[in-house]
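Each chain, letter by letter, is given below.
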Amino acid sequence: MPGILYLAAAIKTSQLTKDNFNVKTRHYNTTVQSFNEIAEDILAFSPDCIGFSCYCWNLSYYKKLARYVKKKIPVVKMIFGGPEIIIKNKVECESFFKEYPEADLIVLGEAEEKIPSLINALCDQYYDQISNLSGYSFNPSIANYSCIDSQEITVLNDIPSIYPYPIQVKRSDACGIHIVYECSRGCPNRCIYCQFIRWRKKQEIFPCEKIKRELRWLLDQEVEGIHFADAVFDKDPDIAGRILAFINTHNRRSTLLFYCSFATLTDKLVDLFEKTQCQIGVGVQTTNRNVLKIVKRAYFKRLFGDAVNFLRNRSVNFYI
């Protein structure tokens, strides 16, 4: 997951933090690393503060890990953030800290702009710098500061590049590395059941040169797979085509996964997908138009109709 690399870059480059904090990033592979090995690696840093990037598959693991480390280093500060940290109201916030008392701070939504100020506040009690921020809450035992309404980053250009921070993950013959990467943030759909729309009201694409620079770096690392986390990779077929052409030029061994709508499928885009070593996921919640209307999901006539003719006789590996 690249999230902690973006945050590390933000802390390393911000005027507030770049001279005061030494930042280390770690991605652990629980398939080949034991709990004790991971815990001892963290303890070896003697950290003042630890940030956990939380997803549905690792939150319970992090709870156990945070509890273990906190017993060894009682003064360490702990931050929980990432997509799985979803707080909608004060009651849910109180419940979270009750279940995860090791957490000193939770960060909601996109964090690159606010993490330097929040780190300063947590570690050095500089709370005056967070008065205009939103999307965070301190454990009441630490400080009575909280604003759980999240906000999106207004200019994606302001997010620092993850290039060229090292990827240090243990591999084995049976277990390689898959990177999750995003060319954009947000989603063009407004489906009522999805958390995607809580953080960003529309899908916005990163500058193409930034994407190419970072993808070239990732492809040169020869990771086994790159999982593109964009809600709709082919939202802009021209940009999608440019990215695919770039990948096809530089890819050596990485398998790719995209999520697409095929709503704007062109012959050129099909040609590029056909040449790319990839799988394409197409989200079909239902073909019932009444249900789609209720959940505010767009009906892609192209997907259920003439897109089939584009794909029927082509070697495009997709699933629904």
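Scroll up to find the structure this text is about.
Enquirer: I keep staring at the packing of aromatic side chains and nothing clicks. Help me out?
Expert: The geometry of two aromatic rings is summed up by the distance between their centres and the angle between their planes. Per the counting criterion, the structure on display carries 20 aromatic pairs. Geometrically, the ring pair formed by Phe96 and Phe97 is edge-to-face, given 5.9 Å between the ring centres and 80 degrees between the ring planes. No difference in accessibility class separates Phe96 from Phe97, as the two residues are buried. Members of the aromatic cluster, connected to one another through ring pairs, are Tyr181, Phe228, Phe233, Phe258, Phe262, Phe273 and Phe318.

Enquirer: How do you make sense of the sheet that holds strand β3 (residues 105-107) when you look at a structure like this?
Expert: Pairing between sheet strands relies on hydrogen bonds along the backbone, with the strands arranged either parallel or antiparallel. One open sheet accounts for five strands, arranged β1-β2-β3-β4-β5; its pairing is mixed. Both edges of this open sheet fall to β1 (49-53) and β5 (146-147), since each of them pairs with a single strand only. As judged from the two bridges shared by strand β2 (residues 77-81) and β3, these two strands associate in the parallel manner. Bridge pairing in β3 links Ile79 to Leu105.

Enquirer: Any chance you could explain the environment of Ile50 here in plain terms?
Expert: Note on placement: Ile50 falls in strand β1. According to the relative accessible area criterion, Ile50 is buried, its value standing at 10%. Along the primary structure Ile50 and Lys77 are separated by 27 residues, whereas in three dimensions their C-alpha atoms are 6.3 Å apart. What Ile50 contacts, discounting residues up to four positions off in sequence, is Ile42, Val69, Val76, Lys77, Met78 and Ile79.

Enquirer: Would you explain the side chain of Gln33 in this entry?
Expert: Note on placement: Gln33 falls in the loop between α1 (3-13) and α2 (35-44). The exposure class assigned to Gln33 is buried, which follows from its relative accessible area of 10%. Those residues in contact with Gln33, other than ones at most four positions away along the chain, are Tyr28, Ile38 and Lys170.

Enquirer: Can you help me understand the packing of α1 against helix α5 (residues 115-124) in this one?
Expert: The relative placement of two packed helices comes down to the angle between their axes together with the axis-to-axis distance. It is at 9 Å that the axes of α1 and α5 come closest, and there the two elements cross at 75 degrees. Our classification of the angle between α1 and α5 gives roughly perpendicular. Two secondary-structure elements touch here, α1 through Leu7, Ala10 and Ile11 and α5 through Ile115, Pro116 and Ile119. Each residue belonging to the contact of α1 with α5 can be placed in one class, and the counts come to six nonpolar, no polar and no charged.

The rules behind the values
Residues numbered from 1 in each chain as written. Predicted model: local features only at pLDDT ≥ 70, side-chain atom pairs only at ≥ 80, totals over all residues. Heavy atoms only, no water. Phe/Tyr/Trp six-rings, centres within 6.5 Å; stacked < 30°, edge-to-face > 60°. Buried < 20%, exposed > 50% of the residue type's maximum accessible area, 1.4 Å probe, protein only. Pairing = 2+ DSSP bridges. Helix = DSSP H or I, 4+ residues; strand = E, 2+ residues; numbered from the N terminus. Contact = heavy atoms within 4.5 Å. Axes fitted to C-alpha atoms, helices over the stretch in contact; angles between N-to-C directions. Parallel < 35°, antiparallel > 145°, perpendicular 65-115°, else oblique. Nonpolar A, V, L, I, M, F, W, Y, C, P; charged D, E, K, R; others polar.

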